[in-house]
Amino acid sequence: MYCLFEYAGKDNYCLQINPASYINPDHLKYFRFIGRFIAMALFHGKFIDTGFSQPFYKRILNKPVGIKDLESVDPEFYNSLIWVKENNIEECGLEMYFSVDKEILGEIKSHDLKPNGSNVLVTEENKEEYIR
C-alpha cells in the first residue's frame, strides 16, 4: 500500500524493492524502519513470515549478486542474458546498448548502465561487462 515493495516476478511471490518507491515522500524512513525490524527479528531468532528475493537478501548481507540469482526472480530475463552470453550477438544483428528501458508507473524511462551507455554498442568484446 505504501509502494515500497513489489512481487519479484509474475509467478514469484517473493518481495523486492519497488523502483517506484520514490513517489512515497517518506520511503527512506520506511525502509530504515523495515531494516531495523528485520535486524531485530534476526538478532532475536524470530521468524518473519514474508519472503524477500534472494538478491535482496544478498544485498542486505553485502554479498555479490550474480546472474544465477536472477533465475529465481525473472526466469525470462535470466534466459535472455544466458542466450546473449552463449551466442554471438554480432552475427544475429542485435543492436543492444548499455542502457535499459523500464516502465515505472506507466511511464517508460531509460537508464544508462554506465556513463553515456545509450551510445555504447554491446559487442562480443564487451558483452560480459553488459551482463554484469
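Residues numbered from 1 in each chain as written. Predicted model: local features only at pLDDT ≥ 70, side-chain atom pairs only at ≥ 80, totals over all residues. Heavy atoms only, no water.

### Re the pairing of strand 2 (residues 12-17)
Pairing analysis gives four bridges linking strand 1 (residues 5-9) to strand 2, with the strands arranged antiparallel. The residue bridging Glu6 from the neighbouring strand is Gln16, located in strand 2. Counting the residues that bridge the hairpin from strand 1 to strand 2 gives two residues. (Pairing = 2+ DSSP bridges. Helix = DSSP H or I, 4+ residues; strand = E, 2+ residues; numbered from the N terminus.)

### Points about the side chain of Asp69
Looking at the secondary structure, you find Asp69 in the loop between helix 2 (54-60) and helix 3 (70-73). In this structure, Asp69 is in contact with Gln54, Pro55, Lys58 and Pro64, ignoring residues within four places of it in sequence. (Contact = heavy atoms within 4.5 Å.)

### Considering the packing of aromatic side chains
With the rule as written, the count across this model stands at ten aromatic pairs. When the ring of Phe52 is compared with that of Phe56, the centres are 4.4 Å apart and the planes differ by 20°; the resulting orientation is stacked. There is no split in this pair, since Phe52 and Phe56 are both buried. Look at Phe52 and Tyr57: their rings are 5.9 Å apart centre to centre, the planes differ by 85°, and that puts the pair in the edge-to-face class. Every member of this aromatic cluster is reached through a ring pair, and the members are Phe5, Phe31, Phe52, Phe56 and Tyr57. For the cation-ring pair, Lys114 lies above Phe98, with the distance from its terminal atom to the ring centre recorded as 4.6 Å. (Phe/Tyr/Trp six-rings, centres within 6.5 Å; stacked < 30°, edge-to-face > 60°. Buried < 20%, exposed > 50% of the residue type's maximum accessible area, 1.4 Å probe, protein only. Lys NZ or Arg CZ within 6 Å of the ring centre and 35° of its normal.)

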